[in-house]
Amino acid sequence: VNTNPIGPPEKIHRILENCLKRRVYEKYPDYNQAMTRRLIAEFYGVDEANLILSNGAAEAINLVIIAAKPRRIVVAEPSYGEYESIVGVLNIRYEYVLMKIREERFLLDLGELRSFCEEDTLIVITNPNNPTGSYVDRGEIIDFGRECGAKILLDEAYIELCDKCPIHVGDASENIIVVRTLTKWLAIPGLRIGFIHTVDHGLLNRIDLLRQPWNINSLAECLVEELFLDKRDLLEFIEASRKYIYSERRRVRDLLKRIGLRVFESDTNILLIENPYSQMIIRELLRRGVAVRDCSSFKGLGPSYFRIGVKRRDENDLLIKYLSEEIRYR
Ligand SMILES: Cc1ncc(COP(=O)(O)O)c(C=O)c1O
């Protein structure tokens with residue numbers, strides 16, 4: 001799982017224990033998400049009226065696509081596969097543009113997306129991107145969005161773990177819909193907390209009608225209501241996470257390059273690797289109890305690519321050891 005290697009913060013466990021003691025699961029969560037929405041909006045510096053909480057980014061993505069009802073979606077690939085999965089069911093045309101590799105970095109050419117700027121289109125950009133780890137300046141995407149006639153879904157699931165990325169959500173024009181999640185940076189994939197931000201209130205109202213009435217469960221609600229009271233503490237946690245990931249990613253990248261692997265430049269907690277023996281390496285690692293992500297199914301990649309997460313130092317060292325042994329035998 002690609003979550004924050006230094007998460008979840010210690011106090012999450014304590015808060016959840018307290019929530020359980022209060023037996024919050026015996027009541028329905030707030031249908032209107034009033035308190036949770038206010039606290040999260042405050043943390044990210046946006047108006048709570050522009051925000052709806054979702055059951056992770058996954059639900060957010062589905063809701064945006066269903067509510068926006070585009071004729072086609074255009075995805076900057078290689079990227080997260082769920083966008084394509086849902087359009088198949090909804091009878092929406094799926095198209096994509098491929099990022100280009102320059103100096104061992106995947107680059108998104110926003111100019112290439114310009115020809116898709118039509119009203120009936122939803123353009124999807126994951127930033128920082130999964131599985132490449134690459135980040136495009138957020139300001140450039142926002143500027144591109146202002147001049148583009150299409151709707152733009154900006155999936156920023158990994159942004160808190162990227163040292164050069166802004167945390168704030170705002171500044172976006174009507175056609176930009178931002179999806180965020182607490183899953184990655186707080187390392188709580190099991191609690192399912194994400195959100196959608198847009199100033200398009202017509203779209204937001206449709207999303208509100210489409211979402212499950214109690215899509216944030218009472219345990220997740222209870223956590224947010226306690227955790228987000230201390231904004232400074234959370235910002236410090238993000239800062240510490242970014243610092244750790246930055247230095248550990250560079251250390252792991254350098255060591256992997258030294259053993260002969262092609263490693264792409266990343267700005268977040270994932271690293272994409274290419275090697276002609278990847279399929280054999282993936283199988284051998286699995287046999288030894290280490291799961292890396294086979295990237296065969298990603299557009300523009302293939303069987304020679306796999307993705308690893310930046311983990312704790314001892315886990316990274318073990319993976320590097322196994323990888324160097326595999327490479328030595330080839
Ligand atoms: C780019 C991207 N968006 C969204 C998600 C889904 O996140 P969540 O667990 O918050 O639903 C993931 C999970 O891997 C992801 O990589």
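Residues numbered from 1 in each chain as written. Predicted model: local features only at pLDDT ≥ 70, side-chain atom pairs only at ≥ 80, totals over all residues. Heavy atoms only, no water.

Along the polypeptide, Pro 128 turns up in the loop between β6 (121-126) and α6 (138-146). A relative accessible area of 0% means that Pro 128 is categorised as buried. Along the chain, Pro 128 and Asp 267 lie 139 residues apart, while their C-alpha atoms are 7.1 Å from each other. When neighbours within four sequence positions are excluded, Pro 128 is seen to be in contact with Gly 133, Ser 134, Tyr 135, Tyr 158, Ile 159, Cys 162, Cys 165 and Thr 268. (Helix = DSSP H or I, 4+ residues; strand = E, 2+ residues; numbered from the N terminus. Buried < 20%, exposed > 50% of the residue type's maximum accessible area, 1.4 Å probe, protein only. Contact = heavy atoms within 4.5 Å.)

In the contact formed by helix α3 (residues 56-68) and helix α4 (residues 82-90), the axes pass within 10 Å of each other and the chain directions differ by 40 degrees. As α3 packs across α4, the resulting crossing turns out to be right-handed. Note on element contacts: α4 touches α3 through Tyr 83, Ile 86, Val 87 and Leu 90, opposite Ile 61, Asn 62, Ile 65 and Ile 66. For the contact of α3 with α4, a count of residues per class yields seven nonpolar, one polar and no charged. (Axes fitted to C-alpha atoms, helices over the stretch in contact; angles between N-to-C directions. Left-handed = near helix turned anticlockwise from the far one by under 90°. Nonpolar A, V, L, I, M, F, W, Y, C, P; charged D, E, K, R; others polar.)

With that settled, the discussion passes to the site of the ligand. Among the 14 residues in the neighbourhood of the ligand, the closest are listed as Asp 155, Thr 181, Thr 183, Lys 184 and Arg 192. A distance of 2.9 Å separates an oxygen atom of the ligand from a polar atom in the side chain of Tyr 158. Measuring from an oxygen atom of the ligand, one finds a side-chain N or O atom of Thr 183 at 2.7 Å. Bound to the protein, the ligand loses 90% of the 400 Å² it would expose on its own. Broken down by element, the shell around the ligand gets its largest block of residues, four residues, from α3. The class makeup of the residues in the shell around the ligand is six nonpolar, five polar and three charged. (Near = heavy atom within 4 Å. Polar contact = N/O pair within 3.5 Å; in protein donor to acceptor, adjacent residues only side chain to side chain. Areas by Shrake-Rupley, 256 points an atom, 1.4 Å probe, with all protein chains shown as cover.)

Time to look at the environment of Asn 18. Locating Asn 18 in the fold gives a position in helix α1 (residues 10-21). Since its relative accessible area comes to 42%, Asn 18 is described here as partly exposed. Placed 23 residues apart in sequence, Asn 18 and Ala 41 show a C-alpha to C-alpha distance of 24 Å.

Turning our attention to the packing of aromatic side chains. Enumeration according to the criterion identifies eleven aromatic pairs in this entry. Arranged with centres 5.0 Å apart and planes meeting at 90 degrees, the rings of Phe 43 and Tyr 44 form a pair that is edge-to-face. With respect to burial, Phe 43 and Tyr 44 carry one shared label: buried. On the basis of an interplanar angle of 90 degrees and a centroid distance of 5.3 Å, the ring pair of Phe 43 and Phe 228 is categorised as edge-to-face. Here Phe 228 lies in the loop between α8 (218-227) and α9 (231-258) and Phe 43 lies in helix α2 (residues 34-44), a separation of 185 residues in the sequence. Overall, Phe 43 belongs to the buried group, its relative accessible area being 6%. (Phe/Tyr/Trp six-rings, centres within 6.5 Å; stacked < 30°, edge-to-face > 60°.)

Taken as a whole, the chain is organised into domain 1 (10-230) and domain 2 (233-329). Taking only C-alpha atoms into account, the centre of domain 1 sits 25 Å from that of domain 2. The interface is formed by 38 residues belonging to domain 1 together with 27 residues belonging to domain 2. Applying the counting rule to domain 1 against domain 2 returns six salt bridges. The shortest N-O distance in the salt bridge between Arg 105 and Asp 267 comes to 3.0 Å. The tally of links between domain 1 and domain 2 comes to 16 residue pairs in polar contact (both at pLDDT 80 or more). Top element by residues in the side of domain 1 that touches domain 2 is strand β3 (residues 93-98). It accounts for three residues. Its residues placed into classes, the side of domain 1 that touches domain 2 shows 22 nonpolar, six polar and ten charged. (Domains from an automatic or database assignment. Salt bridge = Lys/Arg side-chain N within 4 Å of Asp/Glu carboxyl O.)

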